[in-house]
Amino acid sequence: MIITLKDGSTKEYDQAMSVLDIAKDISEGLARVACAGEVDGELVDLRTVVDKDCNLNILTFESEGGAWAFHHTTSHIMAQAIKRLYPGVKLAIGPSVADGFYYDVDSETPLTAEDLVKIEAEMKKLNFDEVTIDPQGNVIGYMGNRDKILAFDAHIDTVGIGNIENWNFDPYEGYETDEEIGGRGVSDQCGGLVSAVYGAKIMKDMDLIPEGCKIMVVGTVQEEDCDGLCWQYIIHEDGVRPEFVVSTEPTDGGIYRGQRGRMEIRVDVKGVSCHGSAPERGDNAIYKMADILQDIRALNENDAADTTEIKGLVKMLDEKYNPEWEEARFLGRGTVTTSEIFFTSPSRCAVADSCSVSLDRRMTAGETWESCLDEIRALPAVQKYGDDVTVSMYEYNRPSYTDLVYPIECYFPTWVIPKDHKVTQALEEAYKGLYGEERLGNAETEGMRKARPLTDKWTFSTNGVTIMGRNSIPCIGFGPGAEAQAHAPNEKTWKIDLVRCAAVYAALPTAYCK
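I will try to describe carefully the structure that is included in this document. (Residues numbered from 1 in each chain as written. Predicted model: local features only at pLDDT ≥ 70, side-chain atom pairs only at ≥ 80, totals over all residues. Heavy atoms only, no water.)

### Structural notes on the overall build of the chain
Counting its secondary structure elements, the chain contains 14 helices and 31 strands. Projected onto its principal axes, the C-alpha positions of the chain cover 105 × 55 × 45 Å. For the chain, buried positions account for 53% of its 514 residues. Of all intrachain contacts in the chain linking residues separated by at least 6 positions in sequence, the fraction that spans at least 24 positions is 71%. Entry remark: accessible area of the chain is about 23,200 Å², with carbon and sulfur atoms responsible for 49%. (Helix = DSSP H or I, 4+ residues; strand = E, 2+ residues; numbered from the N terminus. Buried < 20%, exposed > 50% of the residue type's maximum accessible area, 1.4 Å probe, protein only. Contact = heavy atoms within 4.5 Å. Areas by Shrake-Rupley, 256 points an atom, 1.4 Å probe, with all protein chains shown as cover.)

### Some details on the state of the cysteines
For the coordinates displayed, the defined rule picks out zero disulfides. Summary of cysteine pairing: Cys 35 is not part of a disulfide, and the nearest cysteine sulfur, belonging to Cys 513, is at 17 Å. Unpaired in terms of disulfides, Cys 355 finds its nearest cysteine sulfur in Cys 274, a separation of 16 Å. Residue class for Cys 355 comes out buried when judged on its relative accessible area of 1%. (Disulfide = S-S within 2.5 Å.)

### Let's talk about the side chain of Arg 262
By the secondary structure assignment, Arg 262 is in strand β21 (residues 261–270). A distance of 2.7 Å separates the side chain of Arg 262 from the side chain of Asp 227, its partner in a polar contact. One polar contact links Arg 262 to Glu 264, side chain to side chain, over a distance of 2.9 Å. In contact with Arg 262, not counting residues within four places along its chain, are Asp 225, Asp 227, Arg 361, Arg 362, Met 363, Cys 410, Tyr 411, Phe 412 and Ser 461. (Polar contact = N/O pair within 3.5 Å; in protein donor to acceptor, adjacent residues only side chain to side chain.)

### Considerations on the sheet that holds strand β7 (residues 54–60)
In a beta sheet, neighbouring strands are held together by backbone hydrogen bonds and run either parallel or antiparallel to one another. With respect to topology, five strands assemble into an open sheet ordered β2-β1-β7-β4-β5, the strand pairing being mixed. This sheet does not close on itself; its edge strands, each paired only once, are β2 (10–12) and β5 (42–44). With strand direction ignored, the average angle separating the axes of adjacent strands in the sheet is 30 degrees. By the bridge criterion, three bridges tie strand β1 (residues 2–5) to β7 in an arrangement that is parallel. (Pairing = 2+ DSSP bridges. Axes fitted to C-alpha atoms, helices over the stretch in contact; angles between N-to-C directions.)

### With respect to the environment of His 155
Examined against the element boundaries, His 155 turns out to sit in strand β14 (residues 148–155). The buried category is assigned to His 155, whose relative accessible area is 2%. Expressed as a C-alpha distance, the spacing of His 155 and Val 405, which sit 250 residues apart in the sequence, is 18 Å. With residues near it in sequence (within four places) discarded, His 155 still touches Asp 188, Gln 189, Thr 220, Glu 223, Glu 224, Glu 249 and Asn 463. A polar contact of 2.9 Å, which involves the side chain of His 155, links it to the backbone oxygen of Asp 157. A distance of 3.3 Å separates the side chain of His 155 from the side chain of Glu 249, its partner in a polar contact.

### Section: unusual backbone geometry
Residues other than glycine seldom take positive phi values, yet Asp 403 does so here, at roughly 75 degrees. Topologically, Asp 403 is positioned in the loop between β25 (395–396) and β26 (408–409). The backbone phi angle of Ser 472 is positive, close to 60 degrees, even though this residue is not glycine. Counting through the fold element by element, Ser 472 comes out in the loop between α13 (464–467) and β30 (475–477). Assessed through its relative accessible area of 58%, Ser 472 is described here as exposed.

### Re the nonpolar core
By size, the foremost hydrophobic cluster in this structure holds 78 residues, and its most contacted members are Phe 70, Ile 215, Met 216 and Trp 231. With nine residues, the single largest contributor to this core is helix α14 (residues 495–513). Once you skip the residues sitting within four places of it in the chain, Trp 231 turns out to touch Ala 151, Asp 153, Met 216, Val 218, Thr 220, Pro 242, Val 245, Asn 463, Thr 466 and Ile 467. Ranked by size, the runner-up nonpolar core spans 27 residues in total, among them Met 263, Val 267, Ile 296 and Leu 359. (Core = buried A, V, L, I, M, F, W, Y, C linked by side-chain atoms within 4.5 Å.)

### Observations concerning empty space enclosed by the protein
Here the structure, examined in full by the defined rule, presents one cavity of 30 Å³ or more. Size it by volume and the largest cavity reaches roughly 70 Å³. Examining the composition of the lining of the largest cavity, we find that three residues originate from one element, α14, more than from any other. When the residues that make up the lining of the largest cavity are grouped by side-chain class, the tally is five nonpolar, two polar and three charged. (1 Å grid on protein atoms, 1.4 Å probe; cavity = no way out; pocket = protein on both sides within 12 Å on 5 of 7 lines; lining within 4 Å. Points joined across faces, edges and corners; volume = space filled by probe spheres on them. Nonpolar A, V, L, I, M, F, W, Y, C, P; charged D, E, K, R; others polar.)

### Quick word on the sheet that holds strand β16 (residues 180–182)
Strands sit in the order β15-β16-β31 across an open sheet of three strands; the sheet is antiparallel. Across the chains shown, the open sheet's two edge strands, defined by having one partner strand only, are β15 (175–176) and β31 (492–494). As defined by bridge partners, β15 adjoins β16 across two bridges and the pair is classed as antiparallel. Across the sheet, Tyr 175 pairs through a bridge with Gly 182, a residue of β16. Against the sheet, helix α5 (residues 186–205) makes contact with β16 and β31, and its axis sits at roughly 40 degrees relative to β31, the strand it touches most. Most of the contacts of α14 go to β31, to which it runs at about 55 degrees, and overall it touches β15, β16 and β31.

Shown next, in the form of structure tokens:
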């Protein structure tokens, strides 16, 4: 039989062949990205056997027919998981639509955000080749069994709810509508895990895992307390070092290639107590600290003029002070603020004999933990009080839920992946091939999102501080939901974000490995 391809070239075979086998004969690369075929103008799946002369077009996700087939398949995958978890549910329709897919279901018990977590677990059970929980408590799933690891990270811990009176609904019970899912942790960061799990499932079912690769999806722990600790453990104790990692933290529809770092600094001041009726007999530690705090405030607020004694942190945006000034301008200037204060005193009728503060220090490109500690030690007031002042960095040593303690400094380095890096370009290609040049959202979010550049950076901190900041593994961000929803009351995420992220995740390995 003679097969005429879209470009007019022909292939000749002496036996019947499936559409997928013909695609493989043309090229392995084409077979990996093929979603469907078109035989004499009729849309067919890749398993369709061709046994006579015909015109054949191999459809990828970039084509309308290929995207339809991709979404059609994924809707049935989701329906299969729902049906296995809820045998009594009635399935209606699950069509492929322009932006993805959905499935209408009828159930006596409405599906909730908790049920979606069960569905993701079911997806793991049905389709992942390996699922393990390491001693720290990180849940690690693999699709495929080759050597090169392409990873997707989502943390599974959340912050507390704060004042429940600020919530318009029960943050633990949550809610679900046709477009939204609400509840503590849905945006930060359950949504990213759901999209990554579905994305990996799509890759496997549609043969989108490149030769020699396997897909790693990680539900990490202790991120909210000590961002990156989990990956320090995974890399150095589990012995896993991916080719790159996608952080699925919320990105408002954009691609994020970095963030400012942070560290937690402690300043301790010694004094001498005495009776409050004669304070001159003592040495008030709080007064000393007051002087130091004014210098710290100046460090945050001052300019960097030559005549300014305490040059402000804004100086790091100037090439005169910082060889990494270009990336510093991209990420934004560093900041420092006092977050806690402690003191000791024999009584309310005495002079304080010690005072300590915690500093939240946000760092831009070109700043390190050494430079940040040294700039505090160099402040005039710190110099003035000499050996009575100690500047140090906190250490984190709390146990995970498995009771494992893995001590680490409270230092979370700045990281930024170059705009021309292979991972950056691959993720941009995967996104633009599916959704174009702009960020997308829904009616509520799209206007704000389209006003922002597609590729940008986070304001807050992520596990990238260890993945790339400490260990130099390329890291990039793309995840469902909005940064502003993180840690806020009435937290919610949008279903369309979950679908789009899963699709982009599924397309990324092919774009990276081609």
